[in-house]
Amino acid sequence: MPILGAHMSVAGGYWKAVEAASKVGCDCVQVFTKNNNQWRAKEMTPQDGELFQEAMQRLHLVGSLSHASYLINLASPKPDLRQKSVDALVVELERANFLGIPNVVFHPGSHTTSTPQDGLSAIIDSLIEVLERTQDLTTTPLLENTAGQGSNLGWQFEQLATMIEGVRTPDRIGVCIDTCHAFAAGYSMGTESDYEMTISEMSGTFGLDKIKAFHLNDSKKPFASRKDRHEHIGLGEMGLEPFRQIVNDERFAAIPMYLETEKGELDGRDMDEMNLEQLRSLID
Ligand SMILES: [Zn+2]
Ligand SMILES: [Zn+2]
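The sections below set out a description of the structure shown in this document. Per chain, the residues get numbers from 1 upward, laid out in the order the sequence is written. Chains carry letters and ligands carry numbers; both start at the beginning, A for chains and 1 for ligands, and go up in the order they are written. Totals for whole chains, interfaces and linings use all residues, but because this is a predicted model, local features are given only for residues with pLDDT of at least 70 and pairs of side-chain atoms are given and counted only at 80 or more. With hydrogens and water set aside, each side-chain value is computed from the structure's full complement of heavy atoms.

1. Thoughts on the overall build of the chain
Reasoning step 1: Along its length, the chain carries nine helices and 12 strands.
Reasoning step 2: To get the radius of gyration, use the C-alpha atoms; to get the globule rule, take the number of residues to the power 0.38 and multiply by 2.2 Å. Taken over the C-alpha trace, the chain has a radius of gyration of 18 Å; the compact-globule value for 284 residues is 19 Å, and the two agree within 12%.
Reasoning step 3: Dimensions of the chain, computed from C-alpha atoms along their principal axes, come out at roughly 50 × 45 × 30 Å.
Reasoning step 4: Buried residues are those whose accessible area, probed at 1.4 Å on protein chains only, stays under 20% of the maximum for their type, while exposed residues exceed 50% and partly exposed ones sit between those limits. Each of the 284 residues in the chain was classed as buried or not, and the buried ones make up 52%.
Reasoning step 5: The contact rule is simple, with two residues in contact once any of their heavy atoms fall within 4.5 Å. Taking all contacts inside the chain whose residues are at least 6 apart in sequence as the whole, residues at least 24 apart take part in 75%.
Reasoning step 6: The method behind every accessible area is Shrake-Rupley, applied with a 1.4 Å probe, and residues are considered shielded solely by the protein chains displayed. Surface summary for the chain: the accessible area is close to 12,400 Å², and the carbon and sulfur share equals 49%.
Reasoning step 7: For the purpose of counting charges, residues Lys and Arg are taken to be positive, whereas Asp and Glu are taken to be negative. His and the chain ends are not included. Throughout, a charge is located at the NZ atom of Lys, the CZ atom of Arg, the CG atom of Asp or the CD atom of Glu. When the 25 basic and 41 acidic side-chain charges of the chain are each reduced to a single mean position, those positions are 6 Å apart. Numbering of helices and strands starts at the N terminus; helices are DSSP runs of H or I of at least 4 residues and strands are runs of E of at least 2.

2. Here we look at the coordination of the zinc ion (ligand 2)
Geometrically, a metal with four donors at the corners of a regular tetrahedron has ideal angles of 109.5 degrees, and one with six donors at the corners of a regular octahedron has ideal angles of 90 or 180 degrees.
Reasoning step 1: Donor atoms: N, O and S within 2.8 Å of the metal, or within 3.2 Å for Na, K and Ca. Because water is excluded, sites can look incomplete. Around the zinc ion (ligand 2), the protein contributes the donor atoms H181 (NE2), D228 (OD), D228 (OD) and H230 (NE2), which lie 2.0 to 2.5 Å from the metal centre.
Reasoning step 2: Every geometry call rests on angle ranges, with four donors termed tetrahedral when all angles are between 85 and 135 degrees, four termed square planar and six termed octahedral when opposite donors are over 155 degrees apart and all others are between 65 and 115, and everything else termed irregular. Coordination at the zinc ion (ligand 2) comes from four donor atoms whose angles at the metal span 54 to 138°, giving a geometry best classed as irregular.
Reasoning step 3: Along the chain, the residues donating to the zinc ion (ligand 2) fall in the pattern H-x46-D-x1-H.
Reasoning step 4: The distance between the zinc ion (ligand 2) and the zinc ion (ligand 1) comes to 4.4 Å.

3. A short note on the packing of helix 3 (residues 79-99) against helix 4 (residues 116-133)
Reasoning step 1: Lines fitted to the C-alpha atoms define the axes, with helices restricted to the stretch that makes contact. Angles between their N-to-C directions range from 0 to 180 degrees. Where helix 3 meets helix 4, the axes come as close as 10 Å, and the angle between the chain directions of the two elements is 40°. When the axis of helix 3 is compared with that of helix 4, the two are oblique. Crossing angle aside, the handedness with which helix 3 passes helix 4 is right-handed. Counting all contacts with helix 3, which are made through R82, Q83, V86, D87, L89, V90 and L93, the residues of helix 4 involved are A122, D125, S126, L127, E129, V130 and R133. Any angle from 65 to 115 degrees is called roughly perpendicular, while one under 35 is roughly parallel, one over 145 is roughly antiparallel, and all others are oblique. Working rule for handedness: look at the near helix, and if it is turned counterclockwise from the far one by less than a right angle, call the crossing left-handed; if clockwise, right-handed.

4. Some thoughts on the pattern of salt bridges
Reasoning step 1: When a carboxyl oxygen of Asp or Glu lies within 4 Å of a side-chain nitrogen of Lys or Arg, that pair is called a salt bridge. As enumerated under the stated definition, the model contains 11 salt bridges in all.
Reasoning step 2: E129 is paired through a salt bridge with R133; the nearest N and O atoms lie 2.8 Å apart. Of this pair, E129 and R133 are both found in helix 4, four residues apart, which corresponds to roughly one turn of the helix.
Reasoning step 3: Taking the relative accessible area as the measure of exposure, E129 reaches 24% and is therefore partly exposed.
Reasoning step 4: Its salt-bridge partner being R244, residue E241 comes within 3.1 Å of it at the nearest N-O pair. Taken as a pair, E241 and R244 lie in helix 8 (residues 241-247) at a separation of three residues, close to a single helical turn.

5. Observations regarding the nonpolar core
Nonpolar side chains tend to gather and get buried jointly when the protein is soluble and globular.
Reasoning step 1: Ranked by internal contacts, the top residues of the largest apolar core, which has 73 residues, are V29, L89, L127, F206 and L216.
Reasoning step 2: Not counting residues up to four positions away in its chain, the partners in contact with L216 are L4, T179, I233, F243, I246, M257, Y258, L259, E260, T261 and L279. Within this scheme, the nonpolar core is defined by two criteria: the residues are buried Ala, Val, Leu, Ile, Met, Phe, Trp, Tyr or Cys, and they are joined through side-chain atoms within 4.5 Å.

6. Considerations on unusual backbone geometry
Reasoning step 1: For H60, which is not a glycine, the phi torsion comes out positive at approximately 60°.
Reasoning step 2: Note that H60 resides in the loop between helix 2 (46-58) and strand 3 (63-67).
Reasoning step 3: The exposure class of H60 is exposed, given its relative accessible area of 65%.
Reasoning step 4: At T112, a residue that is not glycine, the phi angle is positive and equals roughly 45°.
Reasoning step 5: Residue placement: T112 occurs in the loop between strand 4 (103-106) and helix 4.
Reasoning step 6: In this structure T112 comes out as partly exposed when scored by relative accessible area, which is 45%.

Printed below as a string of structure tokens:
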């Protein structure tokens with residue numbers, strides 16, 4: 001059985017996200033450990049970690065993931081912004097480690113005014129520093145594949161492989177695959193053979209053993225549009241087939257999968273609950 005969950009708000013305490021996840025039937029939960037649109041972070045207390053861990057055990061959740069701030073850009077050609085991003089990713093890893101969360105997912109970065117090649121080099125240099133400064137932590141970073149919007153790097157699997165191969169301790173870095181981003185970047189999963197081709201491209205670049213998490217999102221924007229807009233499962237351009245392939249794929253049975261779809265209610269039903277039900281209905 002796949003491990004299915006969703007991103008949840010930590011308003012009122014980190015443990016609240018675990019409770020909210022459990023309430024809608026999640027097996028795993030993703031959180032922001034700080035405001036994702038701000039650099040600064042509120043100090044954490046030992047109680048934050050204890051309550052989060054206690055809730056994880058009490059409610060039998062089996063996976064957790066932290067999503068890093070959207071401000072982080074390890075590819076920036078501006079030295080001050082790049083350094084600020086390195087420092088911020090280190091803090092993100094420390095905070096997740098404090099809560100007992102094994103991985104932090106982040107978007108690799110945008111080269112903006114420089115070139116993709118320079119951007120990739122900047123990401124590698126940044127990651128070498130991040131990994132050196134966090135070598136005593138259990139928590140490790142995960143590169144997320146992107147939709148390739150604007151100058152976002154990491155939309156081609158080869159780019160993710162280049163980043164991983166470039167760091168000195170590649171065993172301390174993993175990958176999180178977002179289905180919406182892969183679809184928007186031009187990786188088809190619409191039929192069994194397309195899906196297998198996309199999986200073999202992952203396997204031939206960064207390698208399947210690097211995948212530590214999935215983001216399950218449908219896409220509002222068409223195939224290969226390079227636009228990142230999440231849609232509820234089965235209601236977007238991807239349809240249900242890619243999700244049927246993934247939730248039944250034995251290779252990923254132990255990898256937590258998180259929804260990052262819009263919150264709210266539809267016809268009086270919680271949207272996360274609805275999406276989870278949709279995904280579970282696809283399991284053979
Ligand atoms: Zn994502
Ligand atoms: Zn996205």
